[in-house]
Amino acid sequence: MKPELSVVKIGGNIIENESALGDFLNDFAAMKGNKILVHGGGRTATRIAGQLGIPAQMTGGRRITTRETLDVIVMVYGGLTNKNIVARLQGLDCNAIGLSGADGNTITSGKRPVKDVDYGFAGDIREVNGKAVKALLESGMTPVFCAITHDGKGQLLNTNADTIASEVAIGMSEHFETSLYYCFEKKGVLRNVEDDNSVIPHIDTESYKQLLETRVIADGMLPKMHNCFNALQRHVGKVHIGLPGMIAGKEDLFTTLTL
Ligand SMILES: Nc1ncnc2c1ncn2[C@@H]1O[C@H](COP(=O)(O)OP(=O)(O)O)[C@@H](O)[C@H]1O
Ligand SMILES: CC(=O)N[C@@H](CCC(=O)OP(=O)(O)O)C(=O)O
């Protein structure tokens, strides 16, 4: 039997909320077994780019990454956010190691081809180096990935953190029985985004189709759900979406996805 592994993703809304981030890091550090953290931080990048006079350009929930924006992203995701999270996990006795996809050649990608939109320095993932990540886990470390990959030829690329989480979970499922947790600021996928008490406890392929047709799923939830089903189709055992406390068994309600 394969050993178990949890891949946990947190997004910008948690990262920018000090009390939510502190609670999450306590829960994550206390999690037993093999674990990997993937963090976004889109909101922080937008805020700091604004302070530097660089406007954020988003389309369909994805960032247009100019050369100037890429510099900010590398500084914010790979520096400020990643290193603070790693240091705080170390302070909680979790032996975290911060990584971009370039570190240890863990995640390679290709610059997204220009079709209707030129996304600039945005990467589509080609490969997750499961062996390299497994070696870190086996030496007792907890990888903490930021939303940056590389093309293998010296170029860093900005990559959606939800996609990094699902591709890492998929890549690791050759070696581990893998569960994927998307933690964000709501209790789960909501039937009415205005009503926190309208959590849909279970979504399968059929109901996913209906939720797309009725536009219950919109904005940032669109890529998240797409990534969830991609992971399930490619051997990830469990996928959950909900509040960060779900990783510590503190939440009764969250969304479980199945094929
Ligand atoms: N049906 C839905 N249920 C919950 N959230 C939804 C739904 N449809 C759209 N959303 C939006 O998706 C957002 C989450 O996506 P995103 O902002 O990318 O998350 P993250 O914090 O992980 O980066 C929520 O804040 C919410 O505004
Ligand atoms: C290409 C692309 O869109 N990259 C994302 C990566 C960060 C991210 O995904 O952050 P959240 O999880 O906080 O949304 C961005 O720069 O916004």
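Since the model is a prediction, treat every value here as computed from it, not as a measurement.

Cut-off values and rules
Residues numbered from 1 in each chain as written. Chains lettered and ligands numbered in written order. Predicted model: local features only at pLDDT ≥ 70, side-chain atom pairs only at ≥ 80, totals over all residues. Heavy atoms only, no water. Core = buried A, V, L, I, M, F, W, Y, C linked by side-chain atoms within 4.5 Å. Buried < 20%, exposed > 50% of the residue type's maximum accessible area, 1.4 Å probe, protein only. Helix = DSSP H or I, 4+ residues; strand = E, 2+ residues; numbered from the N terminus. Contact = heavy atoms within 4.5 Å. Near = heavy atom within 4 Å. Polar contact = N/O pair within 3.5 Å; in protein donor to acceptor, adjacent residues only side chain to side chain. Areas by Shrake-Rupley, 256 points an atom, 1.4 Å probe, with all protein chains shown as cover. Nonpolar A, V, L, I, M, F, W, Y, C, P; charged D, E, K, R; others polar. Patch = residues over 30% accessible without salt bridge, like charges linked within 9 Å, V, L, I, M, F, W, Y side chains within 5 Å. Salt bridge = Lys/Arg side-chain N within 4 Å of Asp/Glu carboxyl O. Lys, Arg positive; Asp, Glu negative; His and termini not counted. Charge placed at Lys NZ, Arg CZ, Asp CG, Glu CD. Expected span 1.5 Å × (residues − 1). Bend = angle between axes of the 7 residues up to and from the residue. Phe/Tyr/Trp six-rings, centres within 6.5 Å; stacked < 30°, edge-to-face > 60°. Pairing = 2+ DSSP bridges. Axes fitted to C-alpha atoms, helices over the stretch in contact; angles between N-to-C directions.

### Some words on the nonpolar core
Right, so step 1: Among the nonpolar cores identified, the biggest contains 50 residues, and I36 and M225 are the most heavily contacted of them.
Right, so step 2: For this core, the element with the most residues is helix α6 (residues 161-172), which contributes seven residues.
Right, so step 3: Setting aside chain neighbours within four positions, we find M225 in contact with V189, I203, Y208, I217, I241 and L257.
Right, so step 4: Ranked by size, the runner-up nonpolar core spans 22 residues in total, among them V8, F28, L37 and V86.

### Examining the site of ligand 1
Right, so step 1: As a structural note, the neighbourhood of ligand 1 is formed by 16 residues, with E185, L190, V216, A218 and K224 the closest of them.
Right, so step 2: The separation between a nitrogen atom of ligand 1 and a polar main-chain atom of V216 is 2.9 Å.
Right, so step 3: For ligand 1, the protein covers 81% of the area, taking 570 Å² as the surface of the free molecule.
Right, so step 4: Looking at the shell around ligand 1, the elements that each hand over two or more residues are α1 (12-15) and α8 (221-233).
Right, so step 5: Across the shell around ligand 1, the residue classes tally to seven nonpolar, five polar and four charged.

### Considering unusual backbone geometry
Right, so step 1: One non-glycine residue, D93, lies in the positive phi region at around 65 degrees.
Right, so step 2: Relative to the helices and strands, D93 resides in the loop between α4 (67-91) and β5 (96-99).
Right, so step 3: Although it is not a glycine, D219 adopts a positive phi angle of roughly 45 degrees.

### Quick word on a negative patch on the surface
Right, so step 1: Among the surface-exposed residues, E185, E194, D195 and D196 lie close enough to one another that they form a single negatively charged patch.
Right, so step 2: Mapping E185 onto the fold places it in the loop between β11 (177-183) and β12 (202-203).
Right, so step 3: You can call E185 partly exposed: its relative accessible area is 36%.

### With respect to α4
Right, so step 1: Its 25 residues place the ends of α4 35 Å apart at the C-alpha level, agreeing with the 36 Å of an ideal helix rising 1.5 Å per residue.
Right, so step 2: Of all the bends found along α4, the most pronounced is centred on N82 and spans about 35 degrees.
Right, so step 3: All of the buried residues along α4 are T69, L70, V72, I73, V76, Y77, T81, N82, I85, V86 and L89.

### Observations concerning the site of ligand 2
Right, so step 1: Close to ligand 2 lie 15 residues; K9, G12, R63, Y77 and A161 are nearest.
Right, so step 2: In the environment of ligand 2, an oxygen atom lies 2.6 Å from a nitrogen or oxygen atom belonging to the side chain of K9.
Right, so step 3: Note that an oxygen atom of ligand 2 is positioned 3.0 Å from one of the backbone N or O atoms of A161.
Right, so step 4: Coverage of ligand 2 by the protein chains reaches 89% of its 430 Å² of free accessible surface.
Right, so step 5: At the level of elements, β4 (62-63) and α4 are the ones that each hand at least two residues to the shell around ligand 2.

### Overview of the pattern of salt bridges
Right, so step 1: Evaluated as defined, the whole model comprises nine salt bridges.
Right, so step 2: The salt bridge involving E18 is made with R88; its shortest N-O contact spans 2.9 Å. Of this pair, E18 sits in helix α2 (residues 18-30) while R88 sits in helix α4; the two residues are 70 residues apart in sequence, bridging distant segments of the chain.
Right, so step 3: The shortest N-O distance in the salt bridge between D162 and K224 comes to 3.2 Å.

### As for the packing of aromatic side chains
Right, so step 1: Evaluation of the coordinates by the stated rule reveals two aromatic pairs.
Right, so step 2: Note on Y208 and F229: the rings are 4.4 Å apart at their centroids and 10 degrees apart in plane angle, and the pair reads as stacked. Highlighted residues: Y208 in helix α7 (residues 205-213) and F229 in helix α8, separated in sequence by 21 residues. You'll find Y208 and F229 in the same group, each marked buried.

### Some details on the environment of N82
Right, so step 1: With respect to the helices and strands, N82 occurs in helix α4.
Right, so step 2: Along the primary structure N82 and A102 are separated by 20 residues, whereas in three dimensions their C-alpha atoms are 14 Å apart.
Right, so step 3: Setting aside residues no more than four positions away along its own chain, N82 makes contact with H39, V76, Y77, G98, L99, V144, F145 and C146.

### Focus: the sheet that holds β11
Right, so step 1: If you trace the eight strands from one edge of the open sheet to the other, you get β5-β8-β2-β1-β11-β13-β14-β12, paired in mixed fashion. Two strands close off the open sheet at either side, each with one partner strand: β5 and β12.
Right, so step 2: Judged from the two bridges that link them, β12 and strand β14 (residues 255-257) form a sheet pairing that is parallel. Considered in β14, the bridge of H202 is made with T256.
Right, so step 3: Sheet strands touched by α4: β1 (4-10), β2 (34-39), β5 and β8 (142-145). Its angle to β5, the strand with the most contacts, is close to 175 degrees.

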